[in-house]
Number of protein chains: 10
Amino acid sequence: MLFKVEMTVRLPATMPVAEAEALKTTEREVAQGLMRQGRWRHLWRVAGRYANVSIFDVDSVEQLHQLLSGLPLFPYMDIDVAPLCRHPSSIRDDDR
Amino acid sequence: MLFKVEMTVRLPATMPVAEAEALKTTEREVAQGLMRQGRWRHLWRVAGRYANVSIFDVDSVEQLHQLLSGLPLFPYMDIDVAPLCRHPSSIRDDDR
Amino acid sequence: MLFKVEMTVRLPATMPVAEAEALKTTEREVAQGLMRQGRWRHLWRVAGRYANVSIFDVDSVEQLHQLLSGLPLFPYMDIDVAPLCRHPSSIRDDDR
Amino acid sequence: MLFKVEMTVRLPATMPVAEAEALKTTEREVAQGLMRQGRWRHLWRVAGRYANVSIFDVDSVEQLHQLLSGLPLFPYMDIDVAPLCRHPSSIRDDDR
Amino acid sequence: MLFKVEMTVRLPATMPVAEAEALKTTEREVAQGLMRQGRWRHLWRVAGRYANVSIFDVDSVEQLHQLLSGLPLFPYMDIDVAPLCRHPSSIRDDDR
Amino acid sequence: MLFKVEMTVRLPATMPVAEAEALKTTEREVAQGLMRQGRWRHLWRVAGRYANVSIFDVDSVEQLHQLLSGLPLFPYMDIDVAPLCRHPSSIRDDDR
Amino acid sequence: MLFKVEMTVRLPATMPVAEAEALKTTEREVAQGLMRQGRWRHLWRVAGRYANVSIFDVDSVEQLHQLLSGLPLFPYMDIDVAPLCRHPSSIRDDDR
Amino acid sequence: MLFKVEMTVRLPATMPVAEAEALKTTEREVAQGLMRQGRWRHLWRVAGRYANVSIFDVDSVEQLHQLLSGLPLFPYMDIDVAPLCRHPSSIRDDDR
Amino acid sequence: MLFKVEMTVRLPATMPVAEAEALKTTEREVAQGLMRQGRWRHLWRVAGRYANVSIFDVDSVEQLHQLLSGLPLFPYMDIDVAPLCRHPSSIRDDDR
Amino acid sequence: MLFKVEMTVRLPATMPVAEAEALKTTEREVAQGLMRQGRWRHLWRVAGRYANVSIFDVDSVEQLHQLLSGLPLFPYMDIDVAPLCRHPSSIRDDDR
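Attention in this report is confined to the structure presented alongside it. For every chain, the first residue of the written sequence is number 1, and numbering continues from 1 onward in sequence order. Naming scheme: in the order in which they are written, chains are lettered from A and ligands are numbered from 1. Only residues with pLDDT of 70 or above have their local features reported here, since the model is predicted, and side-chain atom pairs are shown and tallied only from 80 upward, although totals for entire chains, interfaces and linings are computed over all residues. In computing side-chain properties, one takes all heavy atoms of the structure into account and sets aside hydrogens as well as water.

Here, the term disulfide refers to a pair of cysteine sulfur atoms separated by no more than 2.5 Å. Counted according to the given criterion, the structure contains 0 disulfides over all chains. Here Cys85 of chain C is not cross-linked by a disulfide; its sulfur's nearest cysteine counterpart is in Cys85 of chain A, at 20 Å.

Moving on: the arrangement of the chains. A contact between two residues is defined here by any heavy atoms of the two lying within 4.5 Å. Note that chain C does not reach chain H: the shortest distance linking a C-alpha of one to a C-alpha of the other is 30 Å. Separated throughout, chain C and chain J approach each other most closely at a C-alpha pair spaced 26 Å apart.

Right, let's talk about the interface of chain E and chain F for a bit. Contact with chain E, which involves 30 residues of that partner, is made by 30 residues of chain F. Two parts placed together each lose some accessible area under a 1.4 Å probe, and the buried area is that loss summed for both. Summed over both partners, the interface of chain E with chain F comes to about 2900 Å²; 60% of that surface belongs to carbon and sulfur atoms. Salt bridges are identified by distance alone: a Lys or Arg side-chain nitrogen within 4 Å of an Asp or Glu carboxyl oxygen. For the pair chain E and chain F, the number of links is 2 salt bridges. Between Lys4 of chain F and Glu6 of chain E there is a salt bridge; the shortest N-O distance is 2.5 Å. Two N or O atoms count as a polar contact when they lie within 3.5 Å, although within protein this holds only if one can serve as hydrogen donor and the other as acceptor, and sequence-adjacent residues are included solely when both atoms are side-chain atoms. Counting across the interface, chain E meets chain F through 14 residue pairs in polar contact (both at pLDDT 80 or more). The way it works is that DSSP assigns letters per residue, a run of H or I at least four long becomes a helix, a run of E at least two long becomes a strand, and they are numbered from the N terminus. Broken down by element, the side of chain E that touches chain F gets its largest block of residues, 6 residues, from strand S2 (residues 40-46) of chain E. For the side of chain E that touches chain F, the per-class residue count stands at 13 nonpolar, 6 polar and 11 charged. Pairing between strands is defined by DSSP: at least two bridges between the two strands are required. Here 3 bridges tie S2 of chain E to strand S4 (residues 77-86) of chain F, and the two strands are oriented antiparallel to one another. Looking at S4 of chain F, one finds that Val46 of chain E is bridged to Leu84 of chain F. The residue classification treats Ala, Val, Leu, Ile, Met, Phe, Trp, Tyr, Cys and Pro as nonpolar and Asp, Glu, Lys and Arg as charged. All others, Gly included, are polar.

The next point concerns the sheet that holds strand S3 (residues 51-57) of chain I. Spatially, S1(I)-S3(I)-S2(I)-S4(J)-S1(J)-S3(J)-S2(J)-S4(I) is the arrangement adopted by the 8 strands of the closed barrel, whose pairing is antiparallel. Here the strands of the sheet are splayed against their neighbours by 35° on average, with no regard to which way each runs. Sheet topology note: the strand S2 (residues 40-46) of chain I/S3 of chain I ladder contains 5 bridges and is antiparallel. Within the sheet, the bridge partner assigned to His42 of chain I lies in S3 of chain I and is Ile55 of chain I. Running over the sheet, helix H2 (residues 61-69) of chain B touches S2 of chain I together with strand S1 (2-9) and strand S4 (77-86) of chain J and is turned about 70° from S4 of chain J. For every element, the axis is a line fit to its C-alpha atoms; helices are fit only across the contacting stretch, and the angle between N-to-C directions ranges from 0 to 180 degrees. Sitting on the sheet, helix H2 (residues 61-69) of chain H is in contact with strand S1 (2-9) and strand S4 (77-86) of chain I together with strand S2 (40-46) of chain J, with an inclination near 70° to S4 of chain I.

When the copies are overlaid, the least-squares fit takes in C-alpha atoms only where the residue has pLDDT of at least 70 in both copies. Overlay of chain E on chain F (RMSD 0.0 Å): rotation 180°, translation along the axis 0.0 Å. Taken together, the turn and the small shift mark the pair as related by a two-fold rotation axis. A high fraction, 100%, of the interface residues of chain E reappear at the interface in chain F, so the copies pair face to face through one surface.

Facing the 30 residues of chain C at the interface are 30 residues of chain D. Of the roughly 2900 Å² buried at the junction of chain C and chain D (both faces included), carbon and sulfur atoms supply 60%. In this assembly, chain C and chain D are joined by 14 residue pairs in polar contact (both at pLDDT 80 or more). Of all the elements in the fold, those that place two or more residues in the side of chain C that touches chain D are strand S1 (2-9), helix H1 (17-36), strand S2 (40-46), strand S3 (51-57) and strand S4 (77-86) of chain C. Here the element with the most residues in the side of chain C that touches chain D is S2 of chain C; it accounts for 6 residues. Tallied by class, residues from the side of chain C that touches chain D come to 13 nonpolar, 6 polar and 11 charged.

Attention now moves to the pattern of salt bridges. Summed over all chains, the structure comprises 70 salt bridges over all chains. Where Asp80 of chain G meets Arg49 of chain E, a salt bridge forms, and the shortest distance between an N and an O atom there is 3.3 Å. Residue Asp80 of chain G is found in strand S4 (residues 77-86), and its partner Arg49 of chain E is found in the loop between S2 and strand S3 (51-57); the two belong to separate chains. Classification of Asp80 of chain G as partly exposed rests on a relative accessible area of 38%. A cluster of three or more residues bridged by salt bridges with shared partners is formed by Lys4 and Glu6 of chain A together with Lys4 and Glu6 of chain B. Exposure classes here rest on a 1.4 Å probe applied to the protein chains alone. A residue is buried below 20% of its type maximum, exposed above 50%, and partly exposed in between.

Take the sheet that holds strand S4 (residues 77-86) of chain A next. Hydrogen bonds between backbone atoms are what pair the strands of a sheet, whose relative direction is either parallel or antiparallel. Within the closed barrel, the 8 strands sit side by side as S1(A)-S3(A)-S2(A)-S4(B)-S1(B)-S3(B)-S2(B)-S4(A). Their pairing is antiparallel. Within this sheet the neighbouring strands show an average axis-to-axis angle of 35°, counted without direction. In terms of strand pairing, strand S1 (residues 2-9) of chain A meets S4 of chain A through 8 bridges, oriented antiparallel. Across the sheet, residue Lys4 of chain A finds its bridge partner in S4 of chain A, namely Ala82 of chain A. Of the strands in this sheet, strand S2 (40-46) and S4 of chain A touch helix H1 (residues 17-36) of chain A, which is tilted by about 135° from S2 of chain A. Packing against the sheet, helix H2 (residues 61-69) of chain J makes contact with S2 of chain A together with strand S1 (2-9) and strand S4 (77-86) of chain B, and its axis sits at approximately 70° to S4 of chain B.

Spatial relationships are all this shows, so hold off on functional conclusions.
Now the structure itself:
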C-alpha cells in the first residue's frame, strides 16, 4: 500500500553542528535500512531545498506512522502524507 | 532527469459526457505510450481525488513541457512541477 | 484501517433541481449501504456548511478510492483525506 | 453535542527533555480521564505528524473550552475546532 | 450558547434580478423572525462587502445548523462558524 | 462606530511566568475599564484558543488604534480589524 | 477618517461589451463626483491589473459602506478595506 | 513614479528595550527626512497593527530599494511593494 | 528599469476555438513587436503551465501598465508584477 | 537548460554581525564565480526585500541542486525553483 510522503527538514539554528551531523548520519542509516526492506520504496531530493519526496510501501497506516515517527529527524521535519493507489492508466506492475 | 508532476483534472460542468469520455480515452492512450517509452516513469492515483502524482524522466525541461502540453486533458488540468534529483541516502540505482 | 475524509459539496448553479434531488437521494442510499457494511464508520454534518466529516474503515487505500470515487456526488465534491492510526493515549478499543 | 477538534503539538526546541516527558505523561492522564468520562469521545493520531483528530462530546461551548484550555499541552498546541451535528444520512445512533 | 457566524453572499451572475430580489426579501423576513426570537442575537454589515458578521444564540449545534441551512440565501453563501464562550475579563452579563 | 477586532495572544515561550501573569492582570484591568466606558462593547473567548472576538465602539479610527495599541498585551498579539456598520435587516437598535 | 480600499474588478466573461462599457462610464462619473467632494481622496491604478488602490475620507464606517456599495461596479468587485490613522512619524498635515 | 509600500515591523522578543527605542528614534528621523524630500509621500498607520501603508515617489526602482533597505528597521520588517500608476478616472493632479 | 512579470492565461471554456486562436496570434505579434523594441526583454514558458515568466524594461510604471493592459490576452490573464533592481553581486552589465 | 530560482534570505536575529558579514562576502564570491561560468545567468534584487530573482543555466537538475546547496547562505534561504523553457513567441536566441 503506497503513500507519497514529503518531508522538509528544519533544524533549529541553535543546534550544535556535531549534533546535527550525528542526527543526519543516523537518519541515513535508518533510511537505508528501510529502503533495503522495501518499505521506503523511492527517495528523491527536491532541487534547491532541504526536502525530499518519498514513496512508502507499508502494510497499514499504523506501520507508516511507526516508520515516520521513528526517524531521527522526525522532531525537526514538516511531513505531508498523501495516500496513493493504482492509476487505471498505469502499465507498470509495481506502481501499486 | 526526473520531475515530480502533480495533475488535477477539472472538466467544465458543461462538457458533454461523450466529449469527456473521448478525451479520457485519448488521454489514456497517450499516457500509456509515454509510459512505454519510459518518459512517464511512474503514475499513481491520489485517493479521493481526480488527480495523480507522476514521475517523468526526460532529457530536458523543453521535452517535459512538450509532453505535458501535448496531453489531451492539458487545457483542463492544474499542473504542478517539481524538479527532483538523486538523494544522497538513496540505495536504489534507478531513483535518478 | 482508518481515514478521516472531509467532503464539501459544490453543485453547479445551473443543475436542475430535479437532477440535484435525484443525486442526493442516490448518494444517501449508497452512503447508508456503506455504513451498514461498516466501511463508512462515522458521518457528521459540519454546522453551517454543505459538508461532512467522515471516518472510513477500509482494507486498503485502493478500496478507499473505489468507495469515494463511486459516490454519486463525487464529481461535485472537494475531498480531503488524512490517514489516521491508533493514538497511544486512546482507551477506546474501536478507535483503530 | 459534538465538536471535531484538531490539535497539533509544537514543543519549543529549547524545552528540556525531562520537562517535555513530564508534560506528555500528565497530558495522557488527563486525556484518558476525559475519555473515561465520555467527554473526549474519539482520539486518533494523524499519520506522520505530532497531531491528532478528536471528537469531543460536551454540554456546552463553555465546557469544551474549559476542557481544552485545561490540557497540560494547551500552551503548545495549535487547536482548530469545528462544530458537528447529526448528518441526515447517518444510520448510527451515537453519531450525535 | 453563542457562535460567531460570518456569511458572504455570492449570487451567480446569471440569476435574474427578480429572483435575486425575491430571495433577499424572504431572507430579510426570516432573519428578522430569528432576531425577534433572540436566536440571531447580533447582525452587522461588513463595510465594503456583501457580507455580515453575526452572533447566534442557540441551544445546540443541531439548532444552529437548522437555522443556517434554512436561510433562503444558504445555497449562495460561504459560511464560517466559530464557537464562542464567556471571556473571563468580560463584565457584561449578556456576553454569554 | 463599530469595529470587529479579533486578537490572538502569542506570548514568547521564554517569558517568565510571573511577567506573563502580571501582564494578564493589567490587561484585564485595562479591558474592564474600557468595557465600563462602553468602548469595548463585546468580548468573547474563542473556544479552544488563546484568542478573542471583540466589538469596539469608538468615535474614530484614531481612537480605536490608541485603545488597541495601549493594551498591555499589544506587543504579543496578532490583531485583525474589520469595520462594521448597521445591517439593513437588523431590528436591534444598539447594533450600530 | 481614512480607509485604504483596494478594489479588483472581475467582470463575467459573458457580459456583453456594451453593458460593460456603460458600467465603466457610469463608474467613472460616480467616482469623479466622489473625488470632487473629497470623499474619494486618492485613486491609483495597480500596474498590470484591473485593480486600484484608493484612500477614502469619510465621516463614518456607515458612510464608507454607502459609497462603496453604491458604485456601479460594486457587484463585480472584490473589495478589501483597512482602517488607517495618523502615523506618529508623519509630517504631512493632510495624512489624517 | 509611485509605489505603494506596506511595512510590518517584527522586532525580536529578545531585543533590549533601549536598543528598540534607539532604532525607532532613528527610523523616525530618517523617515521624516525622506518625507521632507518628497520621496516618502504618504505615511499612514494601520489601525491595530505595528504596520504602515506608504506611498513612495521615486525616480527609479533602484532608488526605491536604496531608500527602503537604508531604513534602520529594514532588517525587522516584512515589506510588500506594488507599483502604481495614474488611474484614468482620477481628477487629482498629484496622484501620479 | 526592470520588472519581473508573471502571466497565467485562463481562457474561458466557452470561448470558440477560432476566437482563441485569433487572440493568440495577435498576442504573439504584439509580444514580438515589444521584444524587438527591447521593452519585453525576456520571455520564458513555465514548464507544464499556460504561463510565462517575463522581464520588462520600461521607462516608468505608467509605461509598464500601458504595455501590459494593451496585450490582447490581458482580460484573460492573472498578472503578477515585481519591481527589480541591480543586485550588488551581479557581474552582468545588462542586468539592470 | 533554464530554471527560475527565487531566494529569500532569513538570517537568525542571533547571528553575530561578523559571522553574517563573512557569510555574505563568501556568498558574493561564489555567486560571481558561477556567473562567470555562465551557470548563474541572471541575478536581480527584488525591490524592498532581502531576496533575489535568478535564472540558472545548468546541464541537469542534479547540477542545479549542487550549485544551490553549495551556496554559503543556503541554510538560511527559502528557495523556490521553477523549470523554464523556450517560449514560442520569443525572438531572443539566448532565452533558452
